[in-house]
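Spelled out from the first residue to the last, the chains are:
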Amino acid sequence: MKGPLKTFFKNPMRRWAWLFVGPVLVCFVIGFVWPFVQGIYLSFCNFRLIRDAKFIGLDNYLAALRDPSFLHSFWYTALFAVVSLVIINVLAFAVAYALTQGIRGSNLFRTVFFMPNLIGGIVLGYIWSMIFDGILSQFGTSILLETRFGFWGLIILMCWQQIGYMMIIYIAGLQSVPDDILEAAKIDGASRSQTLFRVVIPNVMPSITICTFLGLTNGFKLFDQNLALTGGQPFIMQADGSAIKTTEMLALNIYNTFYGQGTASQGTAQAKAVLFFILVAGLGLMQLAYTRKREVQQ
Amino acid sequence: MNKQQTLTSERRRKTVLSVVLAVICVIYVLPVLTVLVNSFKLNTYVKTETFALPTAESSAGFANFVKGMTFGNYPFWKSAVYSVVITVLSTTLILLFTSMAAWYISRVNSRFCRGFYYLCVFSMVVPFQMVMFTLSKTADSLRLNTPWTIPIVYLGFGAGLAIFMFAGFVKSIPLEIEEAAAIDGCGPLRTYFSVVLPMMRPTMISVGILEIMWIWNDYLLPVLVLDINEYRTIPIHIQYLKGSYGTVDLGATMALILLSIIPMIVFYLLCQKHIIKGVAAGAVKG
């Protein structure tokens, strides 16, 4: 800002900083900064409450990495995130592409496909557990009895919820593809599939970036749906008496390590949470850097 | 002739596409219809005849809704009231204070402001599990465990996205308008409330919708922060139906699920355009 304005505008503004920034700053410290810093510190401590924390170095991290249930939930989550990412994005793109062809009823279809996003994860889980059990009980089994039922059940649930969401992003992307490019492709005699793969898809790369990123982090951070649909069941008992919850994802594993009855171990759980944070944040940044680079080349 | 042919084939393709999508739409609505149908069935029939309409034998009438009101050792209406209180208070608080802060930090743009802004952006990639234990302990020790005080926690944890979106908008509005207000003698407060705030309306709606959708459906934060013997929200209520002793009455559960999704579906149908726009705007945050 230049000279005279500074005196008229900027300095008076600073006098009101306590009102404009103060409330958010205080709450941000309470709700994010302090818990985050304390969380990092506690991951190096042995504690049950916070007051009795004793510094023990990297032991919590070693315990976390040696925990078979944590490693299981990591691979299970990774597999889930990748499979759901691919299925949801392909279907969402297909629906968005169909809805931008100027067909009758597009608005109604869009309304319906987006609707499940308004329903919360816990409620979604119970709706679908009723449906799956309604089907599986005809065959004398239940979603809680087999890991593959839990896995594909959660995939179907997430498709139902997320396709509409990703569809909205793809529709916005598709609508911003300039008409003259499509016109040019048509005049040059490009076939329908050539137009799609050579013209449309390169032009919606920004949307693909966003959806890939969102899909991957949503998959890794999934909690409510996982808790309500299977809660980690079925369990496999280990030789040492602990159980591996075969459909337990990372977020639920961390929650159970914090608050699970009898097996709770806060220090290990906090270390897992830090590892989880590094994973989610790192994944997002990598993904973003990679796809941004490809956009530039287009 | 040739052109005529491509036109009819084009039209036929679109009709086929319409029909296919209509079928998918019907499948899409089925889960909600299943909830509706089962909320009128007796408990034992929900599992065995999930996809049949209620018959004279399996129908429970409105008994499930009556039972649902007191089911789960906690009155449902209380959960509903607390859900509304928490959502309305938190969203109002977030909209007011983060928009003020975003305007201030974008315009003053000192080193402190930039640092605060980057911290907010950083907070968006931090998963809740990272802070959940320490956050719930902090909130507990500060007595933020009631529906009247939990909005402070929501403002703190949700500030990142809101500030990011508001700051993005403030950067796009020309400084000249605020300069004119300043020259006409408006102080910062007056400039903000009578000049900047009205211009922010579209972003206010987008952010407000994202916050409502998040807070209304949120389970983990309130369950850890609130004193759940005293206060529950609807998602907590639904989750604790299963936790209460004995077998779950599926009919009553479905009745409560139906009651809990109706407000959201009405809200969606009323402000559909804004919701879709808001979600698209929020997604671009990456």
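Since the model is a prediction, treat every value here as computed from it, not as a measurement.

So, how was this worked out
- Residues numbered from 1 in each chain as written.
- Chains lettered and ligands numbered in written order.
- Predicted model: local features only at pLDDT ≥ 70, side-chain atom pairs only at ≥ 80, totals over all residues.
- Helix = DSSP H or I, 4+ residues; strand = E, 2+ residues; numbered from the N terminus.
- Rg over C-alpha atoms; globule rule 2.2 N^0.38 Å.
- Buried ≥ 20, exposed ≤ 12 C-beta atoms within 10 Å, placed from the backbone.
- Contact = placed C-beta atoms within 7 Å.
- Nonpolar A, V, L, I, M, F, W, Y, C, P; charged D, E, K, R; others polar.
- Core = buried A, V, L, I, M, F, W, Y, C linked by C-beta atoms within 7 Å.
- Domains from an automatic or database assignment.
- Axes fitted to C-alpha atoms, helices over the stretch in contact; angles between N-to-C directions.
- Parallel < 35°, antiparallel > 145°, perpendicular 65-115°, else oblique.
- Left-handed = near helix turned anticlockwise from the far one by under 90°.
- Expected span 1.5 Å × (residues − 1).
- Bend = angle between axes of the 7 residues up to and from the residue.
- pLDDT = per-residue confidence, 0-100.

Visitor: Is there a simple way to think about the overall build of chain B in this case?
Guide: Assigned secondary structure in chain B consists of 14 helices and zero strands. The secondary structure elements of chain B, listed N-terminal to C-terminal, are α-α-α-α-α-α-α-α-α-α-α-α-α-α. The C-alpha radius of gyration of chain B comes to 25 Å, more than 25% above the 19 Å expected for a compact globule of 286 residues. C-alpha atoms of chain B, sized along the principal axes, occupy 80 × 75 × 35 Å. Put simply, chain B has 286 residues, and 43% of those count as buried. Considering only intrachain contacts with a sequence separation of at least 6, the fraction spanning at least 24 residues in chain B is 75%.

Visitor: How should I be thinking about the overall build of chain A in this particular structure?
Guide: The number of helices and strands found in chain A is 14 helices and four strands. Its C-alpha radius of gyration of 24 Å places chain A more than 25% over the 19 Å reference for a compact globule of 298 residues. With the C-alpha coordinates aligned to their principal axes, the bounding extent of chain A is approximately 75 × 70 × 35 Å. Relative to its full complement of 298 residues, chain A shows a buried share of 43%.

Visitor: I would appreciate a short explanation of the interface of chain B and chain A in the present structure.
Guide: Put simply, an interface is often sized by how much accessible area is lost when its parts join up. The interface is formed by 72 residues belonging to chain B together with 75 residues belonging to chain A. It is helix α1 (residues 2-38) of chain B that contributes the most residues to the side of chain B that touches chain A, 12 residues altogether. Classifying every residue of the side of chain B that touches chain A gives 49 nonpolar, 18 polar and five charged.

Visitor: Looking at this structure, how should I read unusual backbone geometry?
Guide: It is generally the case that most residues other than glycine have a negative phi and that most peptide bonds are trans. With an omega of 0°, the peptide bond running from Gln233 of chain A to Pro234 of chain A counts as cis. Here Pro234 of chain A is to be found in the loop between α12 (224-229) and β3 (235-237). Positive phi is not limited to glycine here, since Arg143 of chain B has a value of about 60°. Tracing the chain through its elements places Arg143 of chain B in the loop between α6 (128-141) and α7 (150-172).

Visitor: Explain the nonpolar core to me, please; I cannot follow it from the model alone.
Guide: For soluble globular proteins, nonpolar side chains are generally found buried alongside one another. Met167 and Tyr170 of chain A together with Ala101 and Ile257 of chain B are the most contacted members of the largest nonpolar core, which has 154 residues in total. The dominant element in this core, judged by the number of residues it contributes, is α7 of chain B, at 15 residues.

Visitor: Any chance you could explain the domain arrangement of chain A here in plain terms?
Guide: With domains assigned, chain A is organised as domain 1 (3-42) and domain 2 (62-297). Between domain 1 of chain A and domain 2 of chain A, the C-alpha centre-to-centre distance is 35 Å.

Visitor: What exactly am I supposed to notice about the packing of helix α3 (residues 22-42) of chain A against α6 of chain B here?
Guide: In a packed pair of helices, the relevant descriptors are the angle between the two axes and the axis-to-axis distance. Running from amino to carboxyl end, α3 of chain A crosses α6 of chain B at an angle of 115°, the nearest separation of the two axes being 8 Å. Between α3 of chain A and α6 of chain B, the angle is such that the two are roughly perpendicular. Pair α3 of chain A / α6 of chain B crosses with right-handed handedness. Residue-level contacts link Ile30, Gly31, Phe32, Trp34, Pro35, Phe36, Gln38, Gly39 and Leu42 of chain A of α3 of chain A to Met130, Val131, Thr134, Leu135 and Thr138 of chain B of α6 of chain B. Looking at the contact of α3 of chain A with α6 of chain B residue by residue, the class counts come to nine nonpolar, five polar and no charged.

Visitor: Teacher, can you tell me more about the domain arrangement of chain B here?
Guide: The domain architecture assigned to chain B consists of domain 1 (2-68) and domain 2 (74-248). Computed over C-alpha atoms, the centres of domain 1 of chain B and domain 2 of chain B are 37 Å apart.

Visitor: How should helix α13 (residues 250-270) of chain B be read in this particular structure?
Guide: An α-helical turn contains 3.6 residues, so a residue and the one three or four places further along point in the same direction. The end-to-end C-alpha distance of α13 of chain B, which contains 21 residues, comes to 30 Å, matching closely the 30 Å that a straight helix rising 1.5 Å per residue would cover. At Ile261 of chain B, α13 of chain B is deflected by roughly 25°, the largest bend along its length, and proline Pro263 of chain B occurs up to four residues later in sequence.

Visitor: Before we go on, may I ask you to explain the environment of Lys245 of chain A in this structure?
Guide: All names here are of chain A. Among the structural elements, Lys245 can be located in strand β4 (residues 243-245). With 13 residues separating them along the chain, Lys245 and Gly232 place their C-alpha atoms 4.9 Å apart. Apart from the residues within four sequence positions on either side, Lys245 is in contact with Ser69, Gly232, Gln233 and Phe235.

Visitor: I tried to follow the environment of Arg110 of chain A on my own but got confused; where do I start?
Guide: Note on placement: Arg110 of chain A falls in helix α6 (residues 106-114). The sequence separation of Arg110 of chain A and Leu99 of chain A amounts to 11 residues, and the corresponding C-alpha distance is 7.7 Å.

Visitor: Hey, could you run me through the confidence of the model for chain B in this one?
Guide: Interpretation of this model should avoid reading the predicted coordinates in detail wherever pLDDT is low. Put simply, chain B has an average pLDDT of 87, and 96% of its residues get 70 or more. Overall fold confidence (pTM) sits at 0.89, and the ipTM for the predicted complex is 0.88.

Visitor: Just to check I follow, could you spell out the environment of Leu285 of chain A for this structure?
Guide: Residues and elements named next belong to chain A. Following the sequence through the fold, Leu285 ends up in helix α14 (residues 266-297). Judged by C-beta crowding, with 12 C-beta atoms within 10 Å, Leu285 ranks as exposed. Spatially, the C-alpha atom of Leu285 lies 41 Å from that of Leu136, the residues being 149 residues apart in sequence.

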